[in-house]
Each structure stands twice: as structure tokens, then as C-alpha cells.
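The residues making up each chain are set out below.
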Amino acid sequence: SAKTESTSPAAKALSLSQLFEAERTKVLYLFMHPFIEYSPVSAQLLNAVRDNWAFLYAQRLALAQKSQLHVCFCLVTKFMDATIRHFRFMLGGLREVEEECRSLKIPFHVLLGEAKSSLIEFVEEHQLGTVVTDFSPLHVPMSWVENVKSSLPDEVDLIRVDAHNVVPAWVTSNGMEPAAFKIRAKLEPKLDEFLTQFPPAIKHPFNIGPFPKDVEWEKLEAALEVDRSIDSVEWAKPGTRSGLKTLENFIEKHLSIYGEKRNEPNVCCQSNLSPWFHFELHSSLAKNLFCSDAFFAFDMSVGVSPFHLGQIAPQRAILQVKKYENIYPKSYASFINEALVWRELAENFCFYNKNYDNFSGAPGWAQESLLKHSVDKRQYLYTLEEFEAAKTHDDLWNAAQIQMVVEGKMHGFLRMYWAKKIQEWTPSPEDAVRIALYLNDRYNLDGRDPNGFGGEHFSAISILELLSRTFRLLFAGVMWAICGVHDRPFGERPVTGSVRCMTYFASQRKFDVDAFVKRYGAK
Ligand code: FAD
């Protein structure tokens, strides 16, 4: 299937992708498969592994070859600036994956250390023939995959499946898309093919014991070398079950007003799904044919599920929300804008722009303008410590910072204001990008995601709006806010140059700033 990207001709020669393709579009196929013991439980409840195209692909491959299938996750004890808040969320999701794998009779393994060593040893020890992994456009996961690719024995195939974009990044476009309306035009014709239901995962008939011992999660958590001062948050429990509850709650209580009110920080009608979306990859492995690997999660994984293991696929959320298309057309269109167009634009940006995380990734006009204005006198200048402690003169900025630190998620509208102000209050745009990404990734549960870097779409059009030709504003990550990525030049001003600026005054006209500030006790 186009969702997969084989790294070896041998794997392509298997021609199993057609089988998978048939199953994707025809879910019932599995029920008719002669070797399969169909389990209604696995079909209906096991979303952590089920909603993962990498896992599904690996299982189909294993079934076709009558092979064993293993799911592995390579856990590194430290990952960039991720804190215990992120690791607990990830490990909590993995616990559910372990449970689901057990009920599917699939061995689940957590391998300590980077995949280039732990996974390779695992493959050799179990004599695995194929590794299937997920895709992420970011530098570190890409390098994980590259390292595995160069370390795997020649006879082992490595297959990468884009399990978290609806349309695989390499199918959507073969280059960087400059704006949301451009990528929308490429995504829309492909939705019939890719925005399909997920086929069920099934009990795996070819695995023979002994199965691995239960994972010792407490021990693993104790081994982490991370900052433990940033604790978990109450409202976001890890795992697919909790993520699905959040989705249900969103649809029931907030979807009706999402289209109108999603940019109002006091209303809180965003889906809040970004933490589960972020930790949503999977991987798996199968003997003599399959290994699916989840290079997703943190340092790699082998086996099924990995980057994000065991959380929620955006495709699942979109399919659920789609059921309300005719009831709440405006909200549906708005959700598609966010979860499909904006999200996949951000993925495209990171995939095709190697400087997605620094000032060199900005468009030429923005680089020129920001550099010209980097000598302008700033009215305020703050250090990283002052920003982190929410000690600026601006109570709205401080309140947004406190929301992120305490709740692990800043409201989407405020992220734009927050990042733009960092640019105004630091000596250079390079400093601003560095500080914004550091804080964003340290405190937001959804940090270190392509959406955090990604571009913005300042004037994209929703599917419905496309028909009516009504334009609206859309927004994205740090590179949009600070560096004008996916935006256009505005009238030149001191400090911000031609990059769109946001003001306290304009925010007051949009929502009750005082109420928000009061809620977070900010001064
Ligand atoms: P909803 O409004 O319910 O949207 C549903 C989903 O659509 C989101 O979960 C997300 O996957 C996608 N989405 C929404 N807005 C955007 C957007 N502007 N660009 C791309 N995809 C979007 N998002 C992250 O996931 N991680 C980050 O680290 C991150 N950092 C950001 C930093 C800045 C400075 C800015 C301006 C935006 C950032 N975003 C980030 C994008 C966006 O703010 C969040 O995705 C959104 O607020 C998450 O909340 P939600 O799931 O309730 O959103």
C-alpha cells in the first residue's frame, strides 16, 4: 500500500502490499480469512494496537507468511528535554498496548536502549525476517530509522508505514507545500482512498510460547534519567481508553460550538486530543517475515507500536467527528482544518524542510525582515528563567505560561500570542525560536511534535468553506508564530518586521482577558 515505504527491494517483491490494500478497503476480508480466529473483543475494543497502520500491516504480513509477530518498544532512559510528565504519559499508554497484545496473543517487549543496538540484538536473537516501523518526519526518529537500517543484516527487510498521517506524507506531496490551501488541494482527492475505517487486529494464530514475562513498569520508570520536577497532570490520563473518553466527551459537549468558539481561551471547547495524538505510534515485529517496529515512541522500538504507542490515531478522531458532519457542519469543517490540513501541513513542513526547528527554516522575506529588525530596541527583554517563571510585565502572557506549566497544555489561541511575544522580548529571532521550543517541549504534553514547529496557514479554506469561498484564519506552530512560515508578509513594524504581530489590545477584543488572567492567578 502507499502507506508503506519499503527500504528494500526484497520486501517489495513480496507483493503483500496488495493484500493489505484489499483489507484496508474491505474490512470484512479478515472475517473470511481461513486461518483467523476472529475475536469480537479484539475487533471492537483494542484500539491501541488496532488503529495503527504499521501494526495492522505487520500483522497482515505475518498472517500471509504464517509467521510469528512480536511487538517491541525501544525505551531510552533520556530523550531530549522530555520530563517525567511525558514519560509517564507514554509508559501509561504502553501498558495498555501490553494488555492488548496479550489478549491478541502477541508478545510485547520493552527493549532498553536505542534501537540501533537493542532492536538489532532482538532481531538476531529471534531470527526475525522483517521489521515494520512507523514514520515521523522529525530528525531524531528519522535518525533512529537510518541507524537501524544500516545495522540490520542484509536479509532482514525494513518497512516503514506512515501510521499517523491520514494520507502518507510521501503520497500527499513530494515537496514542501507553501500554504494550507495548497496541501488541502492535494489531500482532498486522496481522502476516499485513505480516510477509511481501520480493519480489526486479531488474535495472532502463529505465535508459540513461551511469552515474555510481564513488563516491570515501575522498574522501568525508576531507571529513567529525566527531570522529575515536572509532574503528571490530573486531567490527561495516559492510554487509548482515556483518549477515547476525551474524544467522546469532546463530541458530546463541545463539538457543537467548536467551529465558533475554538479560539476563545475561556470557553475551553478544543478537543484536547493533542497529547494522545502525539503519543500515537506503533510498531511490531514478526518472525521470518515480520518484525514490526515502532520506532516511534522514544528511542525506538521494535515491534508494534512505537512512536506513539497506544494512544489515539487522528484518523480515528476524524472518522468519529465525521459522523456529525451534517449536524454540525461548521464544527466538522473546522476540525478537519485542524486535525487533517494543519496537522499534515506541519508534517509536510518537517519532512521536507531540514531546518524546521531553527531560524534558517523561515521563508526568505521573513529572515530578511527579522534580521533587519533584530537591531531594533526592544521595549522589554527577558531571560529564559524569567519567561519560565512567568515573570513578564504582561499578565496574559504570564497566565498562558502558568496554564502550560500547571496543566501541561496551553490553549491553541494563546500559543500564538505567547510565541510572538517571546520574539518581541528577546534579542534575536534565533533566541526566540530556541526559548519557545524549549518551554513548549518541556511543559506541553504534546511537545516535540511536528505541529509545534509546523507552519501556519493564515488563510486556508475548509472543505465546506471551499465551496462557499469564505476565507478564515488558521494558525500553527512556533515557526509560523515567530518566523512567518506558511504566512505572508504584513506591514513592517519595529522588532517584528513584516511578520504578523498580535497585541494585548486585540486579544481583549476577542475574549475576556481579565477572566483568563484571574483564573491562573497571573499578575
Ligand atoms: P484542537 O483544536 O481540538 O485540534 C485538533 C487537532 O488538530 C490537534 O490535536 C492537532 O493535532 C491539530 N491542530 C490544531 N491546531 C493546529 C495547528 N495550528 N497546527 C497543526 N495542527 C493543529 N500542537 C502540538 O500538537 N504540539 C505542539 O507542541 C504544538 N506547539 C505549538 C506551538 C505554537 C507556538 C503554536 C502557535 C501552535 C502549536 N501547536 C502544537 C498547534 C496547536 O496549537 C495545538 O495542536 C492545539 O492547540 C492542540 O489542542 P487540541 O488538540 O485541543 O486542538
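Looking at an unreviewed UniProt entry, one finds the protein chain named Deoxyribodipyrimidine photo-lyase, with Notodromas monacha as its source organism. The UniProt entry for the protein chain carries the following text under Catalytic activity (unreviewed entry): "cyclobutadipyrimidine (in DNA) = 2 pyrimidine residues (in DNA)."

What follows deals with the overall build of the protein chain. When its secondary structure is counted, the protein chain shows 27 helices and 7 strands. The 523 residues of the protein chain split such that 60% are buried. Look at the contacts in the protein chain between residues 6 or more apart in sequence, and 79% of them connect residues 24 or more apart.

Since the α-helix packs 3.6 residues into each turn, any two residues three or four apart lie on the same face. Relative to the 34 Å expected for 24 residues at 1.5 Å per residue, helix H17 (residues 329-352) spans 33 Å between its end C-alpha atoms, a close match to the ideal helical length. At Asn337, H17 shows its largest bend, some 30°.

This paragraph deals with the environment of Ser232. Note that Ser232 resides in the loop between helix H13 (217-223) and helix H14 (240-261). Taking the C-alpha atoms as reference points, Ser232 and Gln127, separated by 105 residues in sequence, lie 39 Å from one another. Sequence-distant contacts of Ser232, that is, excluding residues within four places in its chain, are made with Arg85 and Arg88.

Within the structure shown, the criterion is met by 2 cavities of 30 Å³ or more. A volume near 750 Å³ is recorded for the largest cavity. In terms of lining residues, the largest cavity is bounded by 39 residues, among which Gln270, Ser274, Arg415, Asp446 and Asn451 are the most central. For the lining of the largest cavity, the elements supplying multiple residues, two or more each, are helix H15 (274-278), H17, helix H21 (412-424), helix H23 (450-453) and helix H25 (478-483).

Turning our attention to the pattern of salt bridges. Counted according to the given criterion, the structure contains 24 salt bridges. As a salt-bridge pair, Lys116 and Glu114 come within 3.8 Å of each other at their nearest N and O atoms. Its relative accessible area of 42% is what places Lys116 among the partly exposed residues. Judged by relative accessible area, Glu114 falls into the partly exposed class, the value being 32%. Each of Arg88, Glu221 and Asp231 takes part in a single network of salt bridges with overlapping partners.

Now for the packing of helix H20 (residues 395-407) against helix H22 (residues 429-443). Each pair of packed helices gets described by two things: the angle between the helix axes and the distance between those axes. Two elements in contact, H20 and H22, have axes whose closest approach is 8 Å; the angle formed by their N-to-C orientations is 40°. With respect to each other, H20 and H22 are oriented oblique. Counting all contacts with H20, which are made through Gln401, Met404 and Val405, the residues of H22 involved are Leu439, Asn440 and Tyr443.

The next thing to look at is helix H8 (residues 115-126). Of all the positions in H8, only Ala115, Ser118, Leu119, Ile120, Phe122 and Val123 are classed as buried. At the exit of H8 stands Gln127, carrying a positive phi of roughly 50°.

Time to look at the side chain of Asp441. The residue Asp441 is located in helix H22 in this model. Although buried, Asp441 forms no salt bridge, and the nearest oppositely charged side chain, Arg448, lies 4.7 Å from it. Aside from chain neighbours lying at most four places away, what touches Asp441 is His86, Gly447 and Arg448.

Cut-offs used in this document
- Residues numbered from 1 in each chain as written.
- Predicted model: local features only at pLDDT ≥ 70, side-chain atom pairs only at ≥ 80, totals over all residues.
- Heavy atoms only, no water.
- UniProt positions renumbered as here; feature names shortened; annotations may be inferred.
- Helix = DSSP H or I, 4+ residues; strand = E, 2+ residues; numbered from the N terminus.
- Buried < 20%, exposed > 50% of the residue type's maximum accessible area, 1.4 Å probe, protein only.
- Contact = heavy atoms within 4.5 Å.
- Expected span 1.5 Å × (residues − 1).
- Bend = angle between axes of the 7 residues up to and from the residue.
- 1 Å grid on protein atoms, 1.4 Å probe; cavity = no way out; pocket = protein on both sides within 12 Å on 5 of 7 lines; lining within 4 Å.
- Points joined across faces, edges and corners; volume = space filled by probe spheres on them.
- Salt bridge = Lys/Arg side-chain N within 4 Å of Asp/Glu carboxyl O.
- Axes fitted to C-alpha atoms, helices over the stretch in contact; angles between N-to-C directions.
- Parallel < 35°, antiparallel > 145°, perpendicular 65-115°, else oblique.
- Lys, Arg positive; Asp, Glu negative; His and termini not counted.

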